[in-house]
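# Chain and residue survey
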Amino acid sequence: MLDEFTKKRIDKIMSDYIEENVPKHIRNQVKLNFKFRGDSVTLIEERIAFKSDQWVQLPVAQFRLEQNKWKVYWRDSKNKWHFVEDITPEKDFEKQLKTVDNDDLGIFWG
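Everything in this summary refers to the structure shown in the same document. (Residues numbered from 1 in each chain as written. Predicted model: local features only at pLDDT ≥ 70, side-chain atom pairs only at ≥ 80, totals over all residues. Heavy atoms only, no water.)

## Brief notes about the environment of Glu-90
With respect to the helices and strands, the residue Glu-90 is situated in the loop between strand S5 (81–83) and helix H2 (93–102). Once the C-alpha coordinates of Glu-90 and Asp-16 are considered, the two residues, 74 residues apart in sequence, prove to be 20 Å apart. Here Glu-90 is in contact with Lys-69, Trp-70, Lys-95 and Gln-96, once residues within four sequence places are set aside. A polar contact is formed between the side chain of Glu-90 and the side chain of Lys-95, at a distance of 3.4 Å. (Helix = DSSP H or I, 4+ residues; strand = E, 2+ residues; numbered from the N terminus. Contact = heavy atoms within 4.5 Å. Polar contact = N/O pair within 3.5 Å; in protein donor to acceptor, adjacent residues only side chain to side chain.)

Rendered as structure tokens:
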């Protein structure tokens with residue numbers, strides 16, 4: 001379980017990231033969000049469903065704190081999470097978030 005200090009720090013990093021990366025003029029169509037669960041943080045994209053006014057959540061990436069390093073996972077079409085072996089586990093959460101944001105591997109942002 002993440003300690004309170006780490007959780008508050010990650011909450012601030014993620015909130016700032018969302019504020020910077022979703023332009024105000026499209027927030028009625030696309031949102032970014034995140035949630036904590038145990039030692040993991042999941043980055044989620046939300047969009048209005050096709051021909052509906054319901055919001056659909058699409059998990060983008062999951063960051064898991066394992067042995068004091070953040071590992072990055074991607075989710076397949078069967079909703080299973082897989083460790084991204086090409087991204088080295090890192091103590092710096094912000095570095096991992098930047099790696100997902102840049103998406104040089106093309107697995108997070110489609």
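## A look at helix H1 (residues 4–21)
Counted at 1.5 Å a residue, the expected span for H1 with its 18 residues is 26 Å, and the 25 Å between its end C-alpha atoms agrees. Within the span of H1, buried status applies to Thr-6, Ile-10, Ile-13, Met-14, Tyr-17 and Ile-18. In a view along the axis of H1, the buried residues occupy a sector of 130°, so they form one face of it. Among the exposed residues of H1, those oriented more than 90 degrees off its buried face are Glu-4, Phe-5, Lys-8 and Glu-20. The inward-facing, buried residues of H1 contact strand S1 (30–37), strand S2 (40–48), strand S4 (69–75) and H2. With a side-chain oxygen positioned 3.1 Å from the backbone nitrogen of Phe-5, the residue opening H1 is Asp-3. (Expected span 1.5 Å × (residues − 1). Buried < 20%, exposed > 50% of the residue type's maximum accessible area, 1.4 Å probe, protein only. Arc of directions from axis to C-beta.)

## Points about the sheet that holds S4
Sheet strands associate in pairs through backbone hydrogen bonding, adopting either a parallel or an antiparallel arrangement. Taken in spatial order, the five strands make up an open sheet running S1-S2-S3-S4-S5, and their pairing is antiparallel. Of all strands in the sheet, those bounded by a partner on one side alone are S1 and S5. The mean angle between the axes of side-by-side strands here comes to 30°, regardless of whether they run parallel or antiparallel. Summarising the sheet, S2 and strand S3 (residues 55–66) pair through nine bridges and their orientation is antiparallel. The residue of S3 that forms the bridge with Leu-43 is Ala-61. (Pairing = 2+ DSSP bridges. Axes fitted to C-alpha atoms, helices over the stretch in contact; angles between N-to-C directions.)

## Description of the packing of aromatic side chains
Describing an aromatic ring pair means giving the distance of the ring centres and the angle of the ring planes. For the structure on display, the rule yields four aromatic pairs. A ring pair is formed by Phe-34 and Phe-36, whose centres lie 5.8 Å apart and whose planes are at 85°; its orientation type is edge-to-face. Judged by relative accessible area, Phe-36 falls into the partly exposed class, the value being 23%. Arranged with centres 5.7 Å apart and planes meeting at 55°, the rings of Tyr-73 and Phe-83 form a pair that is tilted. Here Tyr-73 is found in strand S4, whereas its partner Phe-83 is found in strand S5, with ten residues between them in sequence. (Phe/Tyr/Trp six-rings, centres within 6.5 Å; stacked < 30°, edge-to-face > 60°.)

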